[in-house]
Amino acid sequence: MSTSTSLAPSIREQFRRTPLRVADQKNVPKHPEPEGSVEEIRLHRKQRLAAAFRLFAKFGYDHGIAGHITARDPELPDHFWVNPLAVPFAQIKVSDLLLVSHDGDIVIGDRPVNTAAFAIHSQVHTARPDVVAAAHAHALAGKAWSSLGRLLDPITQDALTFYGSHSLYADFNGVVLDKAEGRNIAEALGPNKLVILQNHGFLTIGRSVEEAAWLFVTADQSAHAQLLAEAAGRPKLVRHEVAEPLGRSRSFGGFSFAPYWDVITAEQPDLFD
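Criteria and thresholds
- Residues numbered from 1 in each chain as written.
- Predicted model: local features only at pLDDT ≥ 70, side-chain atom pairs only at ≥ 80, totals over all residues.
- Heavy atoms only, no water.
- Buried < 20%, exposed > 50% of the residue type's maximum accessible area, 1.4 Å probe, protein only.
- Helix = DSSP H or I, 4+ residues; strand = E, 2+ residues; numbered from the N terminus.
- Pairing = 2+ DSSP bridges.
- Axes fitted to C-alpha atoms, helices over the stretch in contact; angles between N-to-C directions.
- Contact = heavy atoms within 4.5 Å.
- Parallel < 35°, antiparallel > 145°, perpendicular 65-115°, else oblique.
- Nonpolar A, V, L, I, M, F, W, Y, C, P; charged D, E, K, R; others polar.

(A) Inspection of the pairing of strand β3 (residues 98-101) at higher detail. A two-sided burial pattern is seen for β3, the buried positions comprising Leu98 and Val100 on one face and Leu99 and Ser101 on the other. Here strand β2 (residues 79-82) runs beside β3; their pairing, made up of four bridges, is antiparallel. The partner of Val82 across the bridge, within β3, is Leu98. Sheet topology places β3 next to strand β4 (residues 106-108); two bridges connect them, and they run antiparallel. Bridge assignment links Val100 to a residue of β4, and that residue is Ile106. Linking β3 to β4, which pair antiparallel, is a turn of four residues; within it Gly104 sits at a positive phi near 100 degrees.

Spelled out as structure tokens, the structure:
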């Protein structure tokens, strides 16, 4: 009879001296931004912004010249960082990002900016001082869902993120080229995390770039899930008393971006250039 099993060290020898109690674990951080100088916060936002564009490309959210994500500057709150027009999401670097004022001045960078990006984001950032970042792209599921002129239903755990905290802009006036239409979108967004732009797509906001990007991914995937579920049958709705606290919560949005950040920065370190 072999004695290898009896000679092997016990798994208990690998135990922590003081076990970590699940109930005692600290809550995940609500705001992933660092506390530091303006320069450190600015760099943090710009790096996450470049990473978010790379992530959107991996998810297939890049569609021609459409789509934009912005990050408010921490020193100049009436300015935001944004992607230059027609630069592929998959190739955006920190050094590519433009700094644009809410008045329409490109103060850092020598490339053009998407006019729709300025018209929408300048008004969203103006209307919502709490917003650090906003994300909009022509993702397939979001476009399809927006044509229905409906809010998302509480049919999955992920969709509950938006329960009672998203709205519908029930109009379409063509490509957004002026600030008045941007104001209409900002008004339709209201205090929410997501606004569905009818016949257009989704726009999400966050108190960090990470939160805005993660919410966009979640919204698009939730729309995809509901389209599939309704094609197969009649989805069951989650009860209001269960859904409401999750829709109100802002605890996990930014932190949920962390795995994406780890993957994209390991795969594509040139985004930091």
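Okay, back to it.
(B) Spotlight on the sheet that holds strand β7 (residues 194-197). As summarised here, the arrangement of the eight strands in space is β4-β3-β2-β1-β5-β8-β7-β6, forming an open sheet in which the pairing is mixed. Single-partner strands in this sheet number two, and they are β4 and β6 (166-169). Pairs of neighbouring strands in the sheet enclose a mean axial angle of 25 degrees, with direction left out of account. Running at roughly 170 degrees to strand β1 (residues 68-72), helix α2 (residues 38-58) makes contact with β1, β2 and β5 (133-137) of the sheet.

(C) Geometry of the packing of α2 against helix α8 (residues 258-267). At a minimum axis separation of 10 Å, α2 and α8 run at an interaxial angle of 90 degrees. Relative to α8, the element α2 is oriented roughly perpendicular. Contact with α2, carried on its side by Gln47, Arg48, Ala51, Arg54, Leu55 and Lys58, involves Tyr260, Trp261, Ile264 and Glu267 of α8 and no other residues of that element. In the contact of α2 with α8, the residues fall into five nonpolar, one polar and four charged.

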